[in-house]
Amino acid sequence: MAKAPHSLVGKSLEWTGVHHSLTGDFTELTTHTVTYETETSCYVTANGALVGEATYTYQRLDDEMGICIYRPTEYQGRTDVILNAMFDFRNMKDRAVLTAGGEPFAVADGDMREVETPPRP
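A quick note: this is a predicted structure, and the numbers were derived from the prediction, not measured.

Asks: Can you break down the side chain of Thr35 residue by residue, with the values?
Replies: Examined against the element boundaries, Thr35 turns out to sit in strand β2 (residues 31–36). Within the structure, Thr35 has its side chain in polar contact with the side chain of Ser12 (distance 2.8 Å). Ignoring any residue separated from it by four or fewer positions in sequence, one finds Thr35 in contact with Lys11, Ser12, Ser41, Cys42, Tyr43, Thr117 and Pro118.

Asks: Outline unusual backbone geometry, supporting the account with residue identities and numerical values.
Replies: The phi dihedral of Gln76 falls on the positive side, at around 55°, and the residue is not glycine. Examined against the element boundaries, Gln76 turns out to sit in the loop between β5 (65–72) and β6 (81–88). Classification of Gln76 by relative accessible area gives partly exposed; the value is 36%. Although it is not a glycine, Met92 sits at a positive phi angle of roughly 55°. Its place among the elements puts Met92 in the loop between β6 and β7 (93–100).

Asks: With reference to specific residues and values, describe the sheet that holds β5.
Replies: With antiparallel pairing, the eight strands of this closed barrel are ordered in space as β1-β2-β3-β4-β5-β6-β7-β8. Neighbour-to-neighbour, the strand axes of this sheet turn through a mean angle of 30°, independent of strand direction. The sheet contact formed by β6 and β7 spans eight bridges and is antiparallel. Each bridged residue has a counterpart across the sheet, and for Asn84 the counterpart in β7 is Val97.

Asks: Give a description of the nonpolar core that names residues and reports values.
Replies: With 28 residues, the main nonpolar core has Tyr36, Cys68, Tyr70 and Phe87 as its most contacted residues. The set of elements that each furnish at least two residues to this core consists of β1 (12–21), β2, β3 (41–46), β4 (49–60), β5, β6, β7 and β8 (103–114). When residues in this core are grouped by element, the largest group, four residues, is from β6. In contact with Cys68, other than residues within four places in its own chain, are Leu8, Tyr36, Tyr56, Thr57, Tyr58, Leu83, Asn84, Ala85 and Phe87.

Asks: Describe the packing of aromatic side chains, with residues and values.
Replies: Summed over all chains, the structure comprises seven aromatic pairs. Ring geometry for Phe26 versus Phe105: centroids 6.1 Å apart, planes at 25°, classification stacked. With Phe26 in the loop between β1 and β2 and Phe105 in strand β8, this pair connects stretches of sequence that are 79 residues apart. Both rings, one in Tyr58 and one in Phe87, keep their centres 6.5 Å apart while their planes meet at 35°; by these two values the pair is tilted.

Asks: Got a sec to walk through the environment of Thr38? Specific residues and values, please.
Replies: Its place among the elements puts Thr38 in the loop between β2 and β3. For Thr38, a relative accessible area of 34% corresponds to the partly exposed category. Spatially, the C-alpha atoms of Thr38 and Tyr56 are 9.4 Å apart, while their sequence positions differ by 18 residues. Setting aside anything within four residues of it in sequence, one finds Thr38 in contact with Val9 and Tyr56. One polar contact links Thr38 to Ser41, side chain to side chain, over a distance of 2.8 Å.

What counts and what doesn't
- Residues numbered from 1 in each chain as written.
- Predicted model: local features only at pLDDT ≥ 70, side-chain atom pairs only at ≥ 80, totals over all residues.
- Heavy atoms only, no water.
- Helix = DSSP H or I, 4+ residues; strand = E, 2+ residues; numbered from the N terminus.
- Polar contact = N/O pair within 3.5 Å; in protein donor to acceptor, adjacent residues only side chain to side chain.
- Contact = heavy atoms within 4.5 Å.
- Buried < 20%, exposed > 50% of the residue type's maximum accessible area, 1.4 Å probe, protein only.
- Pairing = 2+ DSSP bridges.
- Axes fitted to C-alpha atoms, helices over the stretch in contact; angles between N-to-C directions.
- Core = buried A, V, L, I, M, F, W, Y, C linked by side-chain atoms within 4.5 Å.
- Phe/Tyr/Trp six-rings, centres within 6.5 Å; stacked < 30°, edge-to-face > 60°.

The values are spatial; any link to function lies outside them.
Shown next, in the form of structure tokens:
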């Protein structure tokens, strides 16, 4: 994917990277795949297991960049996390700021690539 898509529906993006938080990296999510089922819902798989579900909003900004705001049902045992991602499709980078209860919680820094959609576990 060299250009930012107008929609993520039907796509699966594999993310590989690191999370930085006060409790360290979330190693179970070092590599995971987000599959976008509809314009507002997605699910996350890692090692063949379903590890999360979320609502999201995606906005393409131009040919290179997009913003994706995720609201996971649960993330690291919390139900109040919002993940604010910046997608750089030219360089296939994904960086995000995570908040919990409206306060800074973690950051994520990784590479992404489009992959075949894994079966929903």
